[in-house]
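# Fold and contact review
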Amino acid sequence: MKISCKKYILPLRHTFTISRESHDFQDSIVVSLEKDGKIGYGEATANNYYGVTFESMSAEIKENQVAIEQFNWKTPEELHAFLCSLSLSSFAICALDLAAHDLYGKMLGKPLHEIWGTSKETYPITNYTIGIDTIEKMVKKMEETPWPIYKIKLGTDKDVAIVEALREKTDAKFRIDANCAWTAAQTIEYAPLLKKLGVEFIEQPLKADNWEGMKKVKEASVLPTIADESCIVESDVAKCAGYFDGINIKLTKCGGLTPALRMIREAKSLGLKVMVGCMTESSVGISAIAQLLPQLDYVDMDGAMLLSKDIAKGVIIHKGGKVEFPQLGGSGVEML
Ligand code: MG
């Protein structure tokens, strides 16, 4: 097996702002694994909050390249366990694990969702994310992409006013993501107002380690809450039960599809709702997420839709959210 890593600077359609940062480009690593004439692709985007850059991921992979190339694996799970033993970051492991899954499926000539024995007849529709901006620009972004479900990023001094203004323009379902910006008191105060405005749930209102606050919110909030920054790796799933109503799994944070599949099973057994989210990946990463769709309650896989130029072909998300799966096996990724 041969590994290559390539840097991409993904251009965003709009400056993307959440409660703690703002950017116009998204750096990303695409890892390809080549074996017997087939190529599998995997991706992990860089992230300031988690201190991960293209350079850090690529250096980790290069350092272990010979060992990984020589490791003889039969299933992506075997490779994943080996990668964990090398102490790579979850982001680097994610890119390699996604590439291994894509390659594995391409070798079998079957899409991953089929290999996992799930049926793609019913699946949740992705939300479309509206980043923080002036109210006028947020309305404009929403009207530019008519969609049945919007995820609205909040964490400003006029959060309820933003949702009121957006509600005047659409009947779509809303989800809120405060990215750790609120206090427990604010969350409890906002919840009934947001519920009236057609909000379905609140994602990560409080700081990641504010478990005491989340306990209060869980008891008093009239809206369900979904953990994101509080649920990073497999061992966090059990911690979230009793504090949140669901979890948002990110492939880059947990280390790829292998742990994500285990997290989904565990969350369901604990009665938690399951969402998978993206980190502004191109169609390389999004096509991997899409394979999980039949197993999910909610999904946030609009990464490639937020780009002004994509770098790959794979799963297509049509207007209104219907997903078209590629014919190729694995995640079905082809680089453009
Ligand atoms: Mg989030």
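Residues numbered from 1 in each chain as written. Predicted model: local features only at pLDDT ≥ 70, side-chain atom pairs only at ≥ 80, totals over all residues. Heavy atoms only, no water.

### Observations concerning the packing of aromatic side chains
- Overall, the coordinates contain nine aromatic pairs when judged by the stated rule.
- Aromatic side chains Trp182 and Tyr190 sit 4.8 Å apart centroid to centroid with 80° between the ring planes, which places their arrangement in the edge-to-face category. For the pair shown, Trp182 and Tyr190 are each scored as buried.
- Ring centres of Trp211 and Phe244 lie 6.2 Å apart, and the angle between their planes is 90°; this geometry places the pair in the edge-to-face category. Linking Trp211 in helix H9 (residues 211–220) with Phe244 in the loop between helix H10 (236–240) and strand E9 (246–250), this pair joins segments that are 33 residues apart in sequence.
- Here the aromatic cluster, defined as three or more aromatic residues joined through ring pairs, consists of Tyr49, Tyr50 and Phe91.
- Cation over ring: Lys35 sits above Trp73, and NZ or CZ is 5.7 Å from the ring centre. (Phe/Tyr/Trp six-rings, centres within 6.5 Å; stacked < 30°, edge-to-face > 60°. Buried < 20%, exposed > 50% of the residue type's maximum accessible area, 1.4 Å probe, protein only. Helix = DSSP H or I, 4+ residues; strand = E, 2+ residues; numbered from the N terminus. Lys NZ or Arg CZ within 6 Å of the ring centre and 35° of its normal.)

### Remarks on the domain arrangement of the protein
- By the assigned domains, the protein splits into domain 1 (2–114) and domain 2 (118–335).
- If you look at the interface, domain 1 gives 41 residues, while domain 2 gives 51 residues.
- Both sides of the domain 1 and domain 2 interface together cover about 3800 Å² of buried area, and 60% of this is carbon and sulfur.
- Viewed at the interface, domain 2 and domain 1 are joined by two salt bridges.
- Where domain 1 meets domain 2, there are 26 residue pairs in polar contact (both at pLDDT 80 or more).
- Ranked by the residues each element gives to the side of domain 1 that touches domain 2, the list is headed by helix H4 (residues 90–108), at 10 residues.
- Classifying every residue of the side of domain 1 that touches domain 2 by side-chain character gives 18 nonpolar, 14 polar and nine charged. (Domains from an automatic or database assignment. Contact = heavy atoms within 4.5 Å. Buried area = accessible area lost by both parts, 1.4 Å probe. Salt bridge = Lys/Arg side-chain N within 4 Å of Asp/Glu carboxyl O. Polar contact = N/O pair within 3.5 Å; in protein donor to acceptor, adjacent residues only side chain to side chain. Nonpolar A, V, L, I, M, F, W, Y, C, P; charged D, E, K, R; others polar.)

### Here we look at the sheet that holds strand E8 (residues 225–227)
- The strand order across the open sheet built from eight strands is E4-E5-E6-E7-E8-E9-E10-E11, with neighbouring strands paired in parallel fashion. Two strands lie at the open edges of the sheet, namely strand E4 (128–130) and strand E11 (298–300), each paired on one side alone. Between one strand axis and the next, the sheet turns through 25° on average, direction left out of account.
- Both strand E5 (residues 149–153) and strand E6 (residues 173–177) contribute to a ladder of five bridges, which runs parallel. Considered in E6, the bridge of Lys151 is made with Arg175.
- Packing of helix H6 (residues 135–144) onto the sheet brings it into contact with E4, E5 and E6, and relative to E4 it is tilted by some 165°. (Pairing = 2+ DSSP bridges. Axes fitted to C-alpha atoms, helices over the stretch in contact; angles between N-to-C directions.)

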